[in-house]
Protein chains: 2
Amino acid sequence: MRTMFTLDQNDLPKRWYNVLPDLPTPLDAPLHPGTREPIEPAALLGLFARTCVEQEMSTDRFIDIPEPVLDVYRRWRPTPLLRAIHLERALNTPAHIYLKYEGASPTGSHKTNTAVPQAYYNKIEGTRNLATETGAGQWGSALAFACQTFGMGCTVFMVRSSYDQKPYRKAMMSLFGATVHPSPSDETKAGRDALAQNRDTPGSLGLAISEAVEAARGGIGTKYALGSVLNHVLLHQTIIGLEAERQMEMAGESPDVVVACVGGGSNFGGIALPFYRTACEERRATRFVAVEPTVCPSLTRGQFRYDFGDTAETTPLLRMHTLGHKFMPPPIHAGGLRYHGMAPIVSRLVEDDVIDPVAYNQLDVFASAVLFARTEGIIPAPETAHAVHAAVEIARECAATGEKKTLLIGFSGHGHFDMGAYSAYLSGELAQAETYIPLGSASGASCASVTSRLYC
Amino acid sequence: MRTMFTLDQNDLPKRWYNVLPDLPTPLDAPLHPGTREPIEPAALLGLFARTCVEQEMSTDRFIDIPEPVLDVYRRWRPTPLLRAIHLERALNTPAHIYLKYEGASPTGSHKTNTAVPQAYYNKIEGTRNLATETGAGQWGSALAFACQTFGMGCTVFMVRSSYDQKPYRKAMMSLFGATVHPSPSDETKAGRDALAQNRDTPGSLGLAISEAVEAARGGIGTKYALGSVLNHVLLHQTIIGLEAERQMEMAGESPDVVVACVGGGSNFGGIALPFYRTACEERRATRFVAVEPTVCPSLTRGQFRYDFGDTAETTPLLRMHTLGHKFMPPPIHAGGLRYHGMAPIVSRLVEDDVIDPVAYNQLDVFASAVLFARTEGIIPAPETAHAVHAAVEIARECAATGEKKTLLIGFSGHGHFDMGAYSAYLSGELAQAETYIPLGSASGASCASVTSRLYC
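Draft legend 1. Molecular detail of the interface of chain A and chain B. At the junction of the two partners, chain A supplies 44 residues and chain B supplies 45 residues. Here chain A packs against chain B, burying approximately 4000 Å² in sum over the two surfaces, 54% of which is carbon and sulfur. There are four salt bridges connecting chain A and chain B. Note that Asp71 of chain A and Arg89 of chain B form a salt bridge whose closest N and O atoms lie 2.9 Å from each other. At the boundary of chain A and chain B, one finds 19 residue pairs in polar contact (both at pLDDT 80 or more). Counting only elements with at least two residues in the side of chain A that touches chain B, the list comes to α3 (85-91), α5 (138-150), α7 (167-175), α14 (362-376) and α16 (419-426) of chain A.

Structure follows, in structure tokens:
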């Protein structure tokens, strides 16, 4: 049986899809961190490439992908669509399970899809260096690769818990020419303040963002690049879903459920938004499932309100689902999902009942990841494993009810740099890590009491 | 420009190519380790699956791939053919450089191509467990995956230098359900003898083979599987070249040079043999370049004679290029190329001037690997990097002479589990490792004097 659907490279999409004109409710404007008034685009130009700022607010439904970006995309795109027939058999389910496999990219995840255009736009606008943060290391290595490609410098602030867990991610960033600092670091005021409070903090994405923004503002010819959350990042990621739509046609099917993990929302947006558009156009009932970890449940337990994107309150405020910008999640292995906020586009679509958010525990997630690896021979990244687990759960329901649903997983990346997590799981050393402790609660007051437990 | 050529899964080859009837000189028969007389096929049945023994001596030019094997191949095959246009530009060469990318397999190398049929044939013939050795870990993880797929046990003896360098390879084997021992181990007499001689030995493939053969002979329902060298292994690997032939046609080109690394010869045979057949049929002048490390130069400095496949003299003797079965190469990072012998098919074709062997130093090899990673965004395994370096050298010659050659690299695997080697290279800690010290030479008498130097 045919299980791999590869798009010819001549059919690589030439445009990204911009969901902004198709949202049921328009997004609320970002606010200036000082004035709390709607921010002018000009205020963002110090930080981001001009083209990225324009794309952030564009009302064009499709935006052309520049030829030099397509030229780089062609190193690994189109990525394959695979049918997980061996997993289906193991689950004895009538469901059909497809995955859009982004692990084929240079750095093993979807992140390169936006790293390349962000580096390109900065390059042609005269930027010489980019600063950024990284959680699991996927975004940092993607931006390092992109900067290398266009001959730019790259500085990465890597959340300390990941920095310690993943020396090979750091090695990959070095191979692609980036300078990597564990965050919090002594390189910035935000980092020094955090270290003064708690020398042993595992760090967080919110804090690493503060450091990268500070470094970008202080560096000559330096700008900042964000790997998720913002509209233009989700825009660049839609190439995933645009390819997948054509590949599902090749397979002669249409997904009843699209499922992907959510950290900042770019992987989810990338696979889901093109299918959302088609579902609206064709009045098709497609279910969109966004999967997050129980310890960092911004969609399922956060508030929908304005909040900062970073810990040090230097970014514009976005209206989004948030656990509070001071929230410090425990160092679970899915480092890419340890973010207090969520993309405004994803948040808006959750509010409008288009997206179903669910949260799962890391032990249950790893159980499904091991099942997936053993049946399909692909080792999911811990982030991706959240989506795999959700799909396994739905496929099991189908086995119970006899429903023949078609599931599509946005498979964001492979776990080759996360084998330490698999070792810990297989040897029984991985803790349950099931407690979400809200900011300001009695037990949440002391971060150390949470992080001292064996999560990793 | 189109740089990826993907074969439709419906066009997956259904037969392997067997070179034996097409060799210019027939192979010499294997000899029994006790009698030194040509060995009877029946004598091999205690160790190998019956079908593998039949294939080892088959004179059929094409052999059908069983449907259950195709069913597993379809998890990742056909693999992509890529054109390395960004590397070409960096070298400013008129040469066209293609790579057949086997890193897309479940365990990241070509090894699964033979692990799956070997496990399958054993399974249907009643074997319950397979024992094997592994150098870099690529073969061990491939066999672990294959045994997992068919519900069999798997025991792997992993050369100690790799075991210590690559904890994540071990984690992958555990994930796929295998039991892994560092070799030499206390599990076998061969291992105990070696440890008694030198407690700190880095081990070798030859020694690990002795341990695996001993474990297979001693285990109930247990047989042995070899990841390279033998005819049936090269047979299974020809799916690489068979796919690549069709993909080169899609690209509208034909290779002037086919280049691949050689450890035991299976990766090289897999890409080269189908092109050798076509070159003979169409009287085309194709150059076949086999690349080995200078510290383990079986083709360029070994003797063509009968020798054992293992250190403890338990395997049949094969006529091949060998450095002597007691040879203990230094622990370079290309662990998969640390073998004293060579596939008889490859050895024969070197003797008959069909194949050009070359040897390169690991520092030069890593320099080209870093160039390749930075231009193409794919990190080669250290073994694969030898082929990359050879192709880079040829492409540079083309740049100097203006010749517009078409090069095809058999790209055996990615280096995601070898980032420690890249870190060592980038930080300047990788030693030159250029000395080949023949067995029995004055300086070769003390292995410790070699291995105590900083190679890894």
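Draft legend 2. A look at the relation of the copies chain A and chain B. The transformation that overlays chain A on chain B combines an axial shift of 0.0 Å with a rotation of 180°, and the residual RMSD is 0.0 Å. Such a combination of rotation and displacement between the chain copies is what one expects of a two-fold axis. An overlap of 100% is found between the interface residues of chain A and their copies at the interface of chain B, pointing to a shared contact surface.

Draft legend 3. Seen up close, the sheet that holds strand β6 (residues 129-134) of chain B. Residue and element names in this part refer to chain B. With parallel pairing, the four strands of this open sheet are ordered in space as β8-β7-β6-β9. Here the strands that pair on one side only, and so sit at the sheet edges, are β8 (179-183) and β9 (222-224). Direction aside, neighbouring strands of the sheet carry axes that sit 25° apart on average. Inspection of the sheet shows strand β7 (residues 153-159) paired to β8 by five bridges, in the parallel sense. In the strand pairing of β8, Val159 is matched with Ser183. Along the sheet face, helix α6 (residues 138-150) touches β6 and β7 and points at about 165° away from the line of β6.

Draft legend 4. Region of interest: the pattern of salt bridges. In the structure shown here, the tally under the stated rule is 40 salt bridges over all chains. The partner of Arg284 of chain B in a salt bridge is Glu282 of chain B, with the nearest N and O atoms 2.1 Å apart. A relative accessible area of 37% places Arg284 of chain B in the partly exposed class. Because the salt bridges share partners, they merge into one network encompassing Arg77, Lys100, Glu102 and Glu243 of chain A.

Draft legend 5. Up close: the sheet that holds strand β5 (residues 96-101) of chain B. All names here are of chain B. Overall, mixed pairing links the seven strands, which are arranged β1-β4-β5-β15-β10-β11-β14 in an open sheet. On the outer flanks of this sheet lie β1 (4-5) and β14 (355-360), each paired with one strand and no other. Bridge count between β5 and strand β15 (residues 406-411): six bridges; the pairing is parallel. The partner of Ile97 across the bridge, within β15, is Leu407. Against the sheet, helix α12 (residues 239-251) makes contact with β1, β4 (81-83), β5 and β15, and its axis sits at roughly 140° relative to β5, the strand it touches most. Packing of helix α13 (residues 266-281) onto the sheet brings it into contact with β5, β10 (257-261), β11 (287-293), β14 and β15, and relative to β10 it is tilted by some 160°.

Draft legend 6. Fine view of the nonpolar core. Grouped together as the largest cluster of nonpolar side chains are 161 residues, with contacts concentrated most on Tyr73 of chain A together with Tyr73 of chain B. Residues contacting Tyr73 of chain B, with those up to four places away along its chain left out, are Leu12, Trp16, Ile65, Thr112, Asn113, Val116, Pro117, His236 and Ile239 of chain B.

Draft legend 7. Region of the structure containing helix α15 (residues 344-351) of chain B. Residue and element names in this part refer to chain B. Within α15, seven of the eight residues are buried, which leaves the element mostly enclosed by the surrounding structure. Burial in α15 covers these residues: Pro344, Ile345, Val346, Ser347, Arg348, Leu349 and Val350. Among the structural elements, α11 (231-237), α13, α14 (298-301), β12 (303-308), β13 (317-322) and β14 are those in contact with the buried residues of α15. Asp353 sits one or two residues past α15 and shows a positive phi near 60°.

Draft legend 8. Layout of unusual backbone geometry. A cis amide bond links Arg77 of chain A to the next residue, Pro78 of chain A, at an omega of 0°. Within the secondary structure, Pro78 of chain A is located in the loop between α2 (67-73) and β4 (81-83). Between Ser183 of chain A and the following residue, Pro184 of chain A, the backbone shows a cis peptide bond with an omega angle of 10°. Tracing the chain through its elements places Pro184 of chain A in the loop between β8 (179-183) and α8 (189-197). Phi angles above zero are rare outside glycine, and Glu313 of chain A is one such case at about 65°. Residue Asn92 of chain B is not a glycine yet carries a positive backbone phi of 50°. In this fold, Asn92 of chain B is placed in the loop between α4 (85-91) and β5.

Draft legend 9. Inspection of the environment of Pro68 of chain A at higher detail. Residue and element names in this part refer to chain A. Its location among the elements puts Pro68 in helix α2. The spacing of Pro68 and Val116 is 48 residues in sequence and 9.4 Å in space, taken between C-alpha atoms. When near neighbours in sequence (up to four residues on either side) are disregarded, Pro68 contacts Tyr120 and Phe150.

The rules we used
Residues numbered from 1 in each chain as written. Chains lettered and ligands numbered in written order. Predicted model: local features only at pLDDT ≥ 70, side-chain atom pairs only at ≥ 80, totals over all residues. Heavy atoms only, no water. Contact = heavy atoms within 4.5 Å. Buried area = accessible area lost by both parts, 1.4 Å probe. Salt bridge = Lys/Arg side-chain N within 4 Å of Asp/Glu carboxyl O. Polar contact = N/O pair within 3.5 Å; in protein donor to acceptor, adjacent residues only side chain to side chain. Helix = DSSP H or I, 4+ residues; strand = E, 2+ residues; numbered from the N terminus. Least-squares fit on C-alpha atoms with pLDDT ≥ 70 in both. Pairing = 2+ DSSP bridges. Axes fitted to C-alpha atoms, helices over the stretch in contact; angles between N-to-C directions. Buried < 20%, exposed > 50% of the residue type's maximum accessible area, 1.4 Å probe, protein only. Core = buried A, V, L, I, M, F, W, Y, C linked by side-chain atoms within 4.5 Å.

Everything listed is a geometric property; what it means functionally is a separate question.
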